[in-house]
Structures are given as structure tokens and as C-alpha cells.
Amino acid sequence: MRNQNNLQNKKQNVLFARGKIIEVNDEDSNPYFTLFIRNGGGRRHTYLTFRYDVSKIVPIEGTNVYIEGHLNNAFNSTKHKHQHYFADQLKVVRTEISDYFNLSESEGFAYPKHFAKLFVYGTVINMNVNYNSIWIELTIKDENNNEVRIQYSKKMRVNDIKFKLGDRVYAYALPISTEKLVNDEIVNFETLVAEDIVIEQ
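Residues numbered from 1 in each chain as written. Predicted model: local features only at pLDDT ≥ 70, side-chain atom pairs only at ≥ 80, totals over all residues. Heavy atoms only, no water.

Draft legend 1. Representation of the overall build of the protein chain. A tally of regular secondary structure across the protein chain gives two helices and ten strands. What you see in the protein chain, going N to C, is helices and strands ordered as α-β-β-β-β-β-α-β-β-β-β-β. Within the span of the protein chain, comprising 201 residues, buried residues form 38% of the whole. At a minimum sequence separation of 6, the contacts of the protein chain that also span at least 24 residues come to 55%. When the accessible surface of the protein chain is split by element, carbon and sulfur atoms take 47% of a total near 12,400 Å². (Helix = DSSP H or I, 4+ residues; strand = E, 2+ residues; numbered from the N terminus. Buried < 20%, exposed > 50% of the residue type's maximum accessible area, 1.4 Å probe, protein only. Contact = heavy atoms within 4.5 Å. Areas by Shrake-Rupley, 256 points an atom, 1.4 Å probe, with all protein chains shown as cover.)

What follows is the structure in C-alpha cells.
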């Protein structure tokens, strides 16, 4: 199901995800939908917000979908750069039974496992090492000038790699989300956690 052309296209980072749409806001100037990704193994579930082009994609609340997209940079009103996910393609997913037996309608309730992963090729332009924290943030600029911020722990294998500014790297990361209380309101923060990084030789 993955678009191999996207995978081989080094110019732009690529995100693949499968989950359930739980909210759609198409009335905003920047329409978006929220994707719920169920994680196993006792891990917290992930909630990702995707912006999209209303002329190309019609997200429907309650449907299970497969998404191909990318991470984009934008500037807010204070000229501060932030990153957000953008859905380039969306396909409704059928249940495992309906898919295997080729039923005309999607029946049952067991859908393929949810997941989300991002791949990026680019140049390391910043490393933020906080000596009071176990987390390190790496910023990679892809060939489309999108800056992708990826975190990894000092306890992870990725930390064994000795990066330098200017290194060209291939990276694979998992999008995750955490909820925090900000001004008496629950806010969802999205982060990319590195699973693997290779320095181009």
C-alpha cells in the first residue's frame, strides 16, 4: 500500500499512518482532522492532527483510514516557525475479514493495526542537548527546506551515533503525542521520536 515513489523521493519527508478519524474541522481557514492511533503494549495512544486540501481529500469522522503525508513548516502570527502534519492522500481502510474475503461492504470490527512512522533524508542543522534532561533534539532540514525536529533519549541506541552539524542523514521516527495541562486546559503535544538514524557515507 505504501507509495514506493514517495519513499525513494528524498526531497521531501514522508509520513505513513493508519488509524481512526475522531474529529473533522472543515470550517476553519486551515481545515484539519484528528487521527486516533491505538498503540499496544501498554503505550499511550497517539492523537495526530493533519491539515489537508479540501479539494483533494474528504475525511469522514468515525472511519478507519490509511494516510500518506508529510511534515510541513509554517510561521504563526509571532513569526515563530512550527511544524504540522499534512495529509497528501487518504484511503478508507476495510476490516480484515472484508478485505480477505473480498466482501462488497466492510463488515466486522477488526481493522488492520494502527501505526504511524516518518522518514526523512536531509542535513543536520541543529542539535539541542539539555544537560538537565535525558532528551536530545535533532533538527534535520529536508531538500524542500522543511525542518524536521526529532528527539531521542541519551539511553537509546541512536545516542551512540556521533552526529555533527552538516551531516547528511537518513532518519526513521515515530510520531507520538502527550497531553499536558496548560492554563487549566488539556493540550495535545506532538513529538517525533527517533527509531533509527544513518549517516550518509
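Draft legend 2. Layout of the side chain of threonine 63. Tracing the backbone through its elements, the reader meets threonine 63 in the loop between strand E3 (46–51) and strand E4 (64–75). On the basis of relative accessibility, which here comes to 19%, the residue threonine 63 falls in the buried class. Among the polar contacts made by the side chain of threonine 63, one reaches the main-chain carbonyl oxygen of isoleucine 60 at a distance of 2.6 Å. (Polar contact = N/O pair within 3.5 Å; in protein donor to acceptor, adjacent residues only side chain to side chain.)

Draft legend 3. Broad picture of the layout of surface pockets. When its volume is computed, the largest pocket comes out at roughly 770 Å³. Lining the largest pocket are 24 residues; nearest its centre among them are Gln83, Asn188, Phe189, Glu190 and Thr191. Per-element tally for the lining of the largest pocket: the top contributor is strand E10 (residues 185–199), with seven residues. Here the lining of the largest pocket is built from residues that sort into nine nonpolar, nine polar and six charged. (1 Å grid on protein atoms, 1.4 Å probe; cavity = no way out; pocket = protein on both sides within 12 Å on 5 of 7 lines; lining within 4 Å. Points joined across faces, edges and corners; volume = space filled by probe spheres on them. Nonpolar A, V, L, I, M, F, W, Y, C, P; charged D, E, K, R; others polar.)

Draft legend 4. Local environment of the packing of aromatic side chains. Scanning all chains against the criterion turns up nine aromatic pairs. Measuring from centroid to centroid gives 5.7 Å for phenylalanine 33 and tyrosine 52, while their planes differ by 50°, and the two rings are tilted. With phenylalanine 33 in strand E2 (residues 32–37) and tyrosine 52 in the loop between E3 and E4, the pair connects residues that are 19 residues apart, well separated along the chain. Like tyrosine 52, phenylalanine 33 is buried. Between tyrosine 100 and phenylalanine 101, the ring centres sit 5.0 Å apart and the planes meet at 85°, which makes this aromatic pair edge-to-face. With respect to burial, tyrosine 100 and phenylalanine 101 carry one shared label: exposed. (Phe/Tyr/Trp six-rings, centres within 6.5 Å; stacked < 30°, edge-to-face > 60°.)

Draft legend 5. Fine view of the pairing of strand E7 (residues 135–142). As judged from the seven bridges shared by strand E6 (residues 115–129) and E7, these two strands associate in the antiparallel manner. Within E7, the residue paired with threonine 123 across the bridge is lysine 141. Linking two consecutive strands that pair antiparallel, namely E6 and E7, is a turn of five residues. Pairing analysis gives seven bridges linking E7 to strand E8 (residues 147–153), with the strands arranged antiparallel. (Pairing = 2+ DSSP bridges.)

Draft legend 6. Structural detail: the nonpolar core. Counting 33 residues, the largest nonpolar core has Leu35, Phe50, Tyr85, Leu118, Ile150, Leu192 and Ile197 as the members making the most contacts within it. Element by element, the count of residues in this core is highest for E6, at four residues. Apart from the residues lying within four places of it in its own chain, the contact partners of leucine 118 are Asn13, Val14, Leu15, Leu71, Tyr85, Val148, Ala171, Tyr172, Ala173, Pro175 and Leu192. Core analysis: the second largest hydrophobic core is formed by five residues, Val14, Phe16, Tyr66 and Phe115 among them. (Core = buried A, V, L, I, M, F, W, Y, C linked by side-chain atoms within 4.5 Å.)

Draft legend 7. Representation of the pairing of E8 in the model. Of all seven residues in E8, five are buried, a share of seventy percent or more. Between the antiparallel neighbours E7 and E8 lie four residues, among them asparagine 145 with a positive phi of about 70°.

Draft legend 8. Local environment of the pattern of salt bridges. Using the criterion set out here, one finds two salt bridges in the structure. One salt bridge in this structure joins glutamate 143 and arginine 168, with 2.8 Å as the shortest N-O distance. You can see glutamate 143 sitting in the loop between E7 and E8 and its partner arginine 168 sitting in strand E9 (residues 168–182), a full 25 residues away along the chain. Given the relative accessible area of 28%, arginine 168 is considered partly exposed. Residue aspartate 167 is joined to lysine 164 by a salt bridge in which the shortest nitrogen-to-oxygen separation is 3.4 Å. With a relative accessible area of 52%, lysine 164 lands in the exposed category. (Salt bridge = Lys/Arg side-chain N within 4 Å of Asp/Glu carboxyl O.)

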